[in-house]
Amino acid sequence: YIIVSGGPALLAWEKLRFKADQHDKFYFNFIRPVAWSRISQLQKIHGVNAKITWLVHRPSYELRQRESGKPLIQWIQSVIRKYPTVTLVWFRTGDDVINYINNGQNRRRTKVGGVDFYLHSNKYCFMFDYSSEILGCSKSFLHQRDLRRLKRSAFAKNAQSKSWGCHTGESMSEAWRKATGTKLWGAIGKTDYSDISLNKGVPKLSPRGRWTY
């Protein structure tokens, strides 16, 4: 099982938005759901020795760490000490994610049972660094056309993946199914990370949103 965490925006950029549009101020929006909830869920379902890899977009957290003065990289690494069977892999580009899914951990023997995405997204794209280097833009991403590079042979036949980003179910899910032959659950509408501290680390759908694949 693979979990992918994108990075936070810089506060310097968020403060340039209208207050009503500021939504990515907490630096661990895409870390807490994994640390508090998803790893434990997978271990309850598949056992404490389940093979789980956590891919984290390092450049975003390095930039936010420099801005905030908080040891974000160290804190992320400390999460793994609670889960000794989980492997932390830092990545920088969409190519890194594609390559790990296709080739990581000897894919001939170890198939991917699912991929969870915690990040910014729109209907056509996973964005790993949205508003990190450039306000309202992403330099590190996976467009739905890039999904054609995923190998079907890397996935287990019953693999179930899910994106906790906005709008994935409006186009990306279909592109994922065509590329891999497996399901990627995604949101119709937006997802909301504002109450993850109250909701046991689980993002929720915004009003009138729904899940689909």
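Residues numbered from 1 in each chain as written. Predicted model: local features only at pLDDT ≥ 70, side-chain atom pairs only at ≥ 80, totals over all residues. Heavy atoms only, no water.

Draft legend 1. Highlighting unusual backbone geometry. Despite not being glycine, His-167 shows a phi value in the positive range, around 65 degrees. Relative to the assigned elements, His-167 resides in the loop between strand S8 (160–163) and helix H6 (172–180). For His-167, a relative accessible area of 22% corresponds to the partly exposed category. Of note, the phi angle at Arg-208 is positive, near 70 degrees, even though the residue is not glycine. Here Arg-208 shows up in the loop between strand S11 (204–205) and strand S12 (210–212). Judged by its relative accessible area of 81%, Arg-208 is exposed. (Helix = DSSP H or I, 4+ residues; strand = E, 2+ residues; numbered from the N terminus. Buried < 20%, exposed > 50% of the residue type's maximum accessible area, 1.4 Å probe, protein only.)

Draft legend 2. Structural context of the pairing of strand S4 (residues 115–118). The alternating pattern of S4 places Val-115 and Phe-117 on one face and Asp-116 and Tyr-118 on the opposite face, and all of these are buried. Where strand S1 (residues 2–5) meets S4, four bridges bridge the pair, whose relative direction is parallel. Across the sheet, Ile-3 pairs through a bridge with Asp-116, a residue of S4. (Pairing = 2+ DSSP bridges.)

Draft legend 3. The sheet that holds S8, seen in detail. Sheet architecture is open: seven strands sit in the order S3-S2-S1-S4-S8-S9-S12, paired in mixed fashion. Of all the strands in the sheet, just strand S3 (86–91) and S12 have a single pairing partner and so form its edges. Ignoring strand direction, the axes of neighbouring strands in this sheet form an average angle of 20 degrees. Summarising the sheet, S4 and S8 pair through two bridges and their orientation is parallel. Bridging from a neighbouring strand, Phe-117 pairs with Ser-163 of S8. Contacting S4, S8, strand S9 (183–188) and S12, H6 runs over the sheet at an angle of about 170 degrees to S9. (Axes fitted to C-alpha atoms, helices over the stretch in contact; angles between N-to-C directions. Contact = heavy atoms within 4.5 Å.)

Draft legend 4. Up close: the nonpolar core. Membership of the largest hydrophobic core comes to 26 residues, with the highest contact counts inside it found for Ile-3, Trp-54, Tyr-61 and Ile-76. In terms of residues, this core owes the most to one element, helix H4 (residues 72–82), which gives five residues. Ignoring any residue separated from it by four or fewer positions in sequence, one finds Ile-76 in contact with Phe-28, Ile-31, Trp-54, Val-56, Tyr-61, Leu-88 and Trp-90. Phe-91, Leu-142, Ala-159 and Met-172 belong to the second-largest nonpolar core, a separate cluster that totals 25 residues. (Core = buried A, V, L, I, M, F, W, Y, C linked by side-chain atoms within 4.5 Å.)

Draft legend 5. Summary view of the sheet that holds strand S7 (residues 141–143). The strand order across the open sheet formed by three strands is S5-S6-S7, and the pairing between neighbours is antiparallel. The open sheet is flanked by strand S5 (120–122) and S7, the only strands paired with a single partner. Ignoring strand direction, the axes of neighbouring strands in this sheet form an average angle of 10 degrees. For S5 and strand S6 (residues 125–127), the ladder comprises three bridges, and the chain directions are antiparallel.

Draft legend 6. Region of the structure containing helix H3 (residues 58–68). Here H3 has its buried residues at Pro-59, Ser-60, Tyr-61 and Arg-64. If you follow the buried residues of H3, they end up packed against helix H1 (11–14), strand S2 (52–57), H4 and S3. Two residues or fewer after H3 comes Gly-69, characterised by a positive phi angle close to 75 degrees.

Draft legend 7. Quick peek at the pairing of S2. Taking burial as the measure, the six residues of S2 include six buried ones, the bulk of the element. Residues Ile-52, Trp-54 and Val-56 point to one face of S2 and Thr-53, Leu-55 and His-57 to the other, with burial holding for every one of them. Where S1 meets S2, four bridges bridge the pair, whose relative direction is parallel. The residue of S2 that forms the bridge with Ile-3 is Trp-54.

Just geometry here; none of it tells us what the structure is for.
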